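# Summary of structural features
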Amino acid sequence: MNYISTRGGAEPLTFSEALLEGLAPDGGLAVPAALPEVDGETLERWRALTYPQLATEVIGLFATDIPREDLARMVAAAYEPFPAEVVPLRRIGEGIELVGLSEGPTLAFKDLAMQFLGQVLEYTLERRGAVLNVLGATSGDTGSAAEHALRGKERIAVFMLSPQGRMSAFQRAQMFSLNDPHIHNIAIDGVFDDCQNLVKQLAGDLQFKREHSLGAVNSINLARITAQVVYYFWAWLRATDAGGWTELSFTVPSGNFGNILSGFYARQMGLPIRRLVLATNENNVLDEFFRTGIYRPRGAAETLATSSPSMDISKASNLERFIFELAGRDAARVLAAWRELEGGSFDFSSEQPRFAEEFGLVSGTSTHADRLATIRSVHEASGDIIDPHTADGVKVAREYVEPGVPMLVLETAKPQKFAETIREAIGVDLELSPELGEMMAAPQHVVEMANDARALQDYIASSALRQVVQ
Ligand SMILES: *Cc1c(COP(=O)(O)O)cnc(C)c1O
């Protein structure tokens, strides 16, 4: 399986090559040259597999350049820190089931992809005799998932920028309690956008980037998208009965369009998904797009800080991969759309009916008041406490539940991560497990830094891992 660029201007790459690329050289994103197909017979055969076995099958369709036994070993290691089932499902009533994606070390769905990425990165670097210094910016979940997945890897160091004093106590503890010589937490005197701008500035300095083997593990990363496809198959297999070609729908709390893109790929591969419901919070640039066909990213000033912070986005980096399929895989049309976007927006309104008819994609928005009401009503009806992002999902899912069609909502985080909003919604103080209590009390490792690219460059130059030239 080769990977091509959505903008058509790059040489095809293998999975392992695409893994280390951020953007393709032509500014596009890597996509499979053709999506693999899974027939009904294969799907039924997969019903008996454990999560790691299923992951080996599904990822194996994409990572064809990695020997099966190596892949199986990496997948087993990636999901070792999870409970045996890895992704458990549970009913909350009203025809809705939650897909538990947050059982990993940092209590959010990003662990499922990041843990695999950590394994496959180390493996690929080892085979090439290379090292990687990951530079990233986080407002919370991505940074901690990356650090917990990449720590202890000999060939990988992490430089994670976060805005000083703007993460929750829980998020700070999750990152800063790590004591690993290759993990560098850098608290920038600024806001999240300042952190992201610093990353862009350094990554844009090609000589510095090459000299220090800088890379990224953000949500456009191909290995992350691939690993996420697995749990759509898993959830479908758990929620349907053997032999029955039951259709069901998924609702996905969305930000960068990474998670739901994986569901879209699963559907294109042949998994019988009826609807893919995209849920946004007040930053509803994607709901606007799926309702109107007009995509208008927002500026930092128009991006609100909400109580489902991991969905606070101004633009959705992975949308380009959907547009590529919508455009019939015609890179010239993608290129034209992104040229149009330089004027502030692009317009696919004439194609908007196809979003639902052909691709099953529909959407909705949830607000702070909706979030609180949904956390409350789910708690009253089932005793279950859901996190604010999952609540956005349940709120929008309820608008699309159909009789006889199971609705699966992806649980993207555990409520313990967002204790303040839970307290506001239901007046309950969530207890932390003994391990999490220990984490909160552990000494913290963080460097404070001015919002200054030179200072950051100096720091990285002095602590980055170096390529060993043989
Ligand atoms: C990252 C994140 C999301 C958004 O996922 P995308 O792949 O960016 O659409 C939703 N909920 C939580 C808890 C997250 O951490």
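Up top you'll find the structure we're talking about.
Reference entry: report on the structure contained in this document. For clarity, every value in this text was computed on a predicted model and none was experimentally measured. (Residues numbered from 1 in each chain as written. Predicted model: local features only at pLDDT ≥ 70, side-chain atom pairs only at ≥ 80, totals over all residues. Heavy atoms only, no water.)

### Topic: the environment of valine 229
- Locating valine 229 in the fold gives a position in helix 10 (residues 222-239).
- Between the C-alpha atom of valine 229 and that of glutamate 420, which follows or precedes it by 191 residues, the distance is 32 Å.
- Look past the residues within four positions of valine 229 in its chain and what remains in contact with it is Val58, Ser262, Tyr265, Ala266 and Met269. (Helix = DSSP H or I, 4+ residues; strand = E, 2+ residues; numbered from the N terminus. Contact = heavy atoms within 4.5 Å.)

### Notes on helix 7 (residues 169-176)
- Within helix 7, six of the eight residues are buried, leaving the element largely enclosed by the surrounding structure.
- Listed as buried for helix 7 are Phe170, Gln171, Ala173, Gln174, Met175 and Phe176.
- Against helix 6 (141-150), strand 6 (156-163), strand 7 (183-188) and helix 19 (434-441) lie the buried residues of helix 7. (Buried < 20%, exposed > 50% of the residue type's maximum accessible area, 1.4 Å probe, protein only.)

### Here's the deal with the packing of helix 7 against helix 19
- In the contact formed by helix 7 and helix 19, the axes pass within 8 Å of each other and the chain directions differ by 85°. Accordingly, the angle class assigned to the pair helix 7 and helix 19 is roughly perpendicular. Here Ala169, Phe170, Ala173 and Gln174 of helix 7 come into contact with helix 19, specifically with Leu436, Met439 and Met440.
- Of the residues assigned to the contact of helix 7 with helix 19, the class counts are six nonpolar, one polar and no charged. (Axes fitted to C-alpha atoms, helices over the stretch in contact; angles between N-to-C directions. Parallel < 35°, antiparallel > 145°, perpendicular 65-115°, else oblique. Nonpolar A, V, L, I, M, F, W, Y, C, P; charged D, E, K, R; others polar.)

### Comments concerning the site of the ligand
- The full set close to the ligand counts 15 residues, and Lys110, Asp141, Gly255, Asn256 and Asn259 are the nearest of them.
- At 2.8 Å, a side-chain N or O of aspartate 141 approaches an oxygen atom of the ligand.
- When isolated, the ligand has an accessible area of 380 Å², and the protein chains bury 96% of it.
- Of the residues in the shell around the ligand, the class split is five nonpolar, eight polar and two charged. (Near = heavy atom within 4 Å. Polar contact = N/O pair within 3.5 Å; in protein donor to acceptor, adjacent residues only side chain to side chain. Areas by Shrake-Rupley, 256 points an atom, 1.4 Å probe, with all protein chains shown as cover.)

### A few points about the pairing of strand 4 (residues 96-100)
- Counting buried positions along strand 4 gives five out of five residues, so the element sits mostly inside the fold.
- Here strand 3 (residues 89-93) runs beside strand 4; their pairing, made up of four bridges, is antiparallel. Considered in strand 4, the bridge of glycine 93 is made with isoleucine 96.
- Counted between consecutive antiparallel strands, the loop separating strand 3 from strand 4 contains two residues, among which glutamate 94 sits at a positive phi close to 60°.
- As defined by bridge partners, strand 4 adjoins strand 14 (residues 407-411) across five bridges and the pair is classed as parallel. Bridge assignment links leucine 98 to a residue of strand 14, and that residue is valine 409. (Pairing = 2+ DSSP bridges.)

### Brief notes about the sheet that holds strand 3
- On the basis of which strands lie adjacent, the open sheet formed by six strands has the order 3-4-14-9-10-13 and mixed pairing. In this open sheet, the two strands that pair with only one neighbour each are strand 3 and strand 13 (361-365). Direction aside, neighbouring strands of the sheet carry axes that sit 25° apart on average.
- Strand direction decides the pairing type here: strand 10 (residues 273-280) and strand 13, joined by five bridges, are parallel. When the sheet's bridge partners are listed, leucine 276 is paired in strand 13 with leucine 361.
- Sheet strands touched by helix 12 (residues 285-292): strand 10 and strand 13. Its angle to strand 13, the strand with the most contacts, is close to 135°.

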